[in-house]
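Fold and contact review
Residues per chain are reported as follows:
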Amino acid sequence: MTKIISIDKDAGLKVPDCVEIPFIEGDGIGADIWRAAQPVFDTAVEKAFNGKKRIEWLEILAGEKGFNKTGEWLSDASLKIIEDHRVAIKGPLATPVGRGMRSLNVRIRQELDLFACIRPIRYFSPVQSPVKAPEKVDITVFRENTEDLYAGIEWSSESEEVVKLTAFMKKELDTDLCSTNSIGIKPISPEKTRRLVRRAVAYAVEHGLKSVTLMHKGNIMKFTEGGFRKWGYQAALDYFGDVVVTEKDLWETHDGVLPEGKVLVRDRIADMVFAEVLLKPEEFDVIAAPNLNGDYISDALAAQVGGLGIAPGANIGDRCAVFEATHGTAPDLAGTDSANPCSIILSGAMMLDHMGWNKAADLVRQGVATALGSGKATIDLAPGMPGCQEVPCSAFGKIICETIRTAS
Ligand code: NAI
């Protein structure tokens, strides 16, 4: 019997009952949070399926651990293992500053074409938050992961390339840019917008959510961000025309009341989104955004519900998916067994959902909620939670396991 996930063209992922899942422990706090997280996944799967399903973990060496053991930070063979297994989970990987090394995280996303960065953001009581009603936030961000200003096409002020480019633009395009400018190129394409928005609307439909908001700055950048808006609407209507209602239709045809079972697709200017997620977060279910807007809004929303230590994330493409803690390696906490393991644990819940093991995923999420609700938390959250007992990373993982084991 194979232990490897396969993809069926019609039915989606085919996951064997005993499945092999690759993991990258990660640098810095990676070892601590992974040691806390893995038993949580095993406990949830055991409890959800009475031992009929299980995960066999396959370690992929990457980052500093990989370099120390194999001389490579991230080998092509490791990427191939992820691609072949379709699903993987990873802790944070450090990007050494000033050594000219490309971020390993960016390499994983680009080489595996993981085009959708998905960040579900919700509040866990009684975590301290800077806003009055953080429980109103239950928003999933779909951030395009492969283009926009992150495509890496830029040149520094007065470089040979900028001198050539500004001269060419003056001659051929009648622009008047000075070569003292640094220049970055912002590519946004219909193909990449369409596949991202298709995923975002599919997610809303599958989860019975009411709205998808296209977040853009098309009032200023008419062809790039404005293109995202235009192609986003087209994709929503082309792929989901029978369930999607645009804001125009909502008022012209439905008197402003969204019919049961339909998904409202609307767009908002990026700066307005930042205001509205603070003022009326309950009006947002899914936000689909180009790379830069998506980067900003996902961290802002994570802060709104109490911080990065608990926000999970996934990078998903057509070939495979990598689930990951959204924070970095927290070098200040490395090896101290004090980091918060919730981000990777909740990313694992997303992975279980992706595999169709939703019962186990729900147990993981309930386990985290119950553990935090019991007045115990790690060093990043405990000081802001009145009466809360600070516990180490490993102990917090054990508390979650225990709440899952005893869940009715
Ligand atoms: P960071 O997220 O590692 O740390 C920022 C602050 O948050 C620190 O004070 C840290 O102690 C705290 N923190 C982060 N995660 C925490 C957790 N789970 N529990 C408790 N406190 C936590 O960001 P920083 O310092 O900018 O980056 C450090 C390294 O991580 C860099 O090399 C960076 O490239 C890498 N990085 C990797 C990411 C990934 O693998 N996806 C994402 C972000 C950064």
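Worth saying up front: this structure is predicted, and the values here are computed from it rather than measured. (Residues numbered from 1 in each chain as written. Predicted model: local features only at pLDDT ≥ 70, side-chain atom pairs only at ≥ 80, totals over all residues. Heavy atoms only, no water.)

Some words on the overall build of the protein chain
The helix and strand tally for the protein chain stands at 13 helices and 17 strands. Computed over its C-alpha atoms, the radius of gyration of the protein chain comes to 22 Å, within 12% of the 22 Å expected for a compact globule of 408 residues. Projected onto its principal axes, the C-alpha coordinates of the protein chain cover approximately 70 × 60 × 50 Å. Counting the 408 residues in the protein chain, one finds 50% classified as buried. A separation threshold of at least 6 residues defines the contact pool for the protein chain, and within that pool the share at least 24 residues apart is 71%. With an accessible surface of roughly 19,000 Å², the protein chain has 53% of that area assigned to carbon and sulfur atoms. Treating the 47 positive side-chain charges of the protein chain as one cloud and the 57 negative ones as another, the clouds have centres 3 Å apart. (Helix = DSSP H or I, 4+ residues; strand = E, 2+ residues; numbered from the N terminus. Rg over C-alpha atoms; globule rule 2.2 N^0.38 Å. Buried < 20%, exposed > 50% of the residue type's maximum accessible area, 1.4 Å probe, protein only. Contact = heavy atoms within 4.5 Å. Areas by Shrake-Rupley, 256 points an atom, 1.4 Å probe, with all protein chains shown as cover. Lys, Arg positive; Asp, Glu negative; His and termini not counted. Charge placed at Lys NZ, Arg CZ, Asp CG, Glu CD.)

Focus: the pattern of salt bridges
Charged atoms that come close allow side chains of opposite charge to pair. Taken as a whole and assessed by the stated rule, the structure comprises 30 salt bridges. Among the salt bridges present, the one from Glu 225 reaches Lys 186, with a minimum N-O distance of 2.8 Å. Pair noted here: Glu 225 is in helix α7 (residues 225-240) and Lys 186 is in the loop between β9 (183-184) and α6 (190-206), with a separation of 39 residues, a long-range link. The shortest N-O distance in the salt bridge between Arg 268 and Glu 247 comes to 2.9 Å. With Arg 268 in strand β12 (residues 263-269) and Glu 247 in helix α8 (residues 247-254), this residue pair connects regions lying 21 residues apart in the sequence. The exposure class of Arg 268 is buried, given its relative accessible area of 17%. Under the relative-accessibility criterion, Glu 247 is labelled partly exposed at 23%. (Salt bridge = Lys/Arg side-chain N within 4 Å of Asp/Glu carboxyl O.)

A few points about the packing of helix α9 (residues 270-279) against helix α10 (residues 291-304)
The geometry of α9 relative to α10 is characterised by a closest axis approach of 11 Å and an angle of 15° between their N-to-C directions. In terms of orientation, α9 lies roughly parallel with respect to α10. Crossing angle aside, the handedness with which α9 passes α10 is right-handed. Contacts between α9 and α10 pair Ala 270, Val 273, Phe 274, Val 277 and Leu 278 from the former with Asn 293, Tyr 296, Ile 297, Ala 300, Leu 301 and Gln 304 from the latter. Each residue belonging to the contact of α9 with α10 can be placed in one class, and the counts come to nine nonpolar, two polar and no charged. (Axes fitted to C-alpha atoms, helices over the stretch in contact; angles between N-to-C directions. Parallel < 35°, antiparallel > 145°, perpendicular 65-115°, else oblique. Left-handed = near helix turned anticlockwise from the far one by under 90°. Nonpolar A, V, L, I, M, F, W, Y, C, P; charged D, E, K, R; others polar.)

Observations regarding the domain arrangement of the protein chain
By the assigned domains, the protein chain splits into domain 1 (1-115 + 313-408), domain 2 (130-147 + 188-304) and domain 3 (150-185). Measuring from the centre of the C-alpha atoms in domain 1 to the corresponding centre in domain 2 gives 27 Å. Domain 1 puts eight residues into the contact, and the matching count from domain 2 is seven residues. In total, domain 1 and domain 2 occlude about 700 Å² of area from one another, counting both sides; carbon and sulfur atoms represent 42% of this. Looking at the side of domain 1 facing domain 2, the largest losses of area belong to Arg 109, Asp 113 and Phe 115, adding up to 67% of the total buried there. Where domain 1 packs against domain 2, one counts two salt bridges. Our enumeration of links across domain 1 and domain 2 arrives at six residue pairs in polar contact (both at pLDDT 80 or more). Of the residues that constitute the side of domain 1 that touches domain 2, the class distribution is three nonpolar, two polar and three charged. (Domains from an automatic or database assignment. Buried area = accessible area lost by both parts, 1.4 Å probe. Polar contact = N/O pair within 3.5 Å; in protein donor to acceptor, adjacent residues only side chain to side chain.)

A closer look at the sheet that holds strand β11 (residues 244-246)
The 11 strands lie next to each other as β4-β3-β5-β15-β14-β6-β7-β13-β10-β12-β11, forming an open sheet whose pairing is mixed. With partners counted over all chains shown, the strands left at the sheet margins are β4 (54-59) and β11, one partner each. Put simply, the sheet's adjacent strands are angled 25° from each other on average, direction ignored. Pairing of strand β6 (residues 116-122) with strand β14 (residues 312-316) involves three bridges; the strand directions are antiparallel. Residue pairing for β14: Cys 117 is matched across the bridge by Asn 315. Contacts from α7 reach β10 (211-216), β11, β12 and β13 (286-289) within the one sheet, and its direction differs from that of β10 by about 155°. (Pairing = 2+ DSSP bridges.)

Structural notes on unusual backbone geometry
Omega for the peptide link from Ser 125 to Pro 126 comes to 0°, which places this bond in the cis form. With respect to the element layout, Pro 126 can be found in the loop between β6 and β7 (138-144). Phi at Asp 113 is positive, roughly 50°, even though this residue is not glycine. With respect to the element layout, Asp 113 can be found in the loop between α4 (104-111) and β6. With a phi close to 50°, Asp 255 is a non-glycine residue in the positive phi region.

Here we look at the pairing of β4
Direction of pairing for strand β3 (residues 18-24) relative to β4: parallel, over a ladder of six bridges. When the bridges of β4 are listed, Phe 23 appears paired with Glu 59. Once you follow β3 into helix α1 (residues 30-49) and on to β4, the crossover reads as right-handed. (Right-handed = clockwise from strand over helix to strand, strands pointing away.)

Quick word on the environment of Trp 357
On the secondary structure map, Trp 357 appears in the loop between α11 (342-354) and α12 (358-373). A relative accessible area of 2% means that Trp 357 is categorised as buried. C-alpha of Trp 357 to C-alpha of Arg 319: the two residues are 38 residues apart in sequence and 19 Å apart in space. Sequence-distant contacts of Trp 357, defined by excluding residues within four places in its chain, comprise Val 15, Pro 16, Asp 17, Val 19, Val 45, Phe 49, Lys 53, Arg 54, Ile 55 and Leu 352.

Focus: the site of the ligand
Near the ligand, the surroundings consist of 19 residues, among which Leu 93, Gly 328, Ala 330, Asp 332 and Asn 340 are the closest. Interatomic distance of 2.9 Å between a side-chain N/O atom of Asp 332 and an oxygen atom of the ligand. Protein contacts shield 65% of the accessible area of the ligand, which totals 810 Å² for the unbound molecule. Looking at the shell around the ligand, its residues break down into eight nonpolar, seven polar and four charged. (Near = heavy atom within 4 Å.)

With respect to the packing of α6 against α7
For the pair α6 and α7, interaxial distance at closest approach is 8 Å and the crossing angle is 50°. As judged from the angle between their axes, α6 and α7 are oblique. In the packing of α6 onto α7, the handedness of the crossing is right-handed. Contacts between α6 and α7 involve Pro 190, Thr 193, Arg 194, Leu 196, Val 197, Arg 198, Val 201, Ala 202 and Val 205 from the former and Phe 228, Trp 231, Gly 232, Gln 234, Ala 235, Ala 236, Asp 238, Tyr 239 and Phe 240 from the latter. Of the residues assigned to the contact of α6 with α7, the class counts are 12 nonpolar, three polar and three charged.

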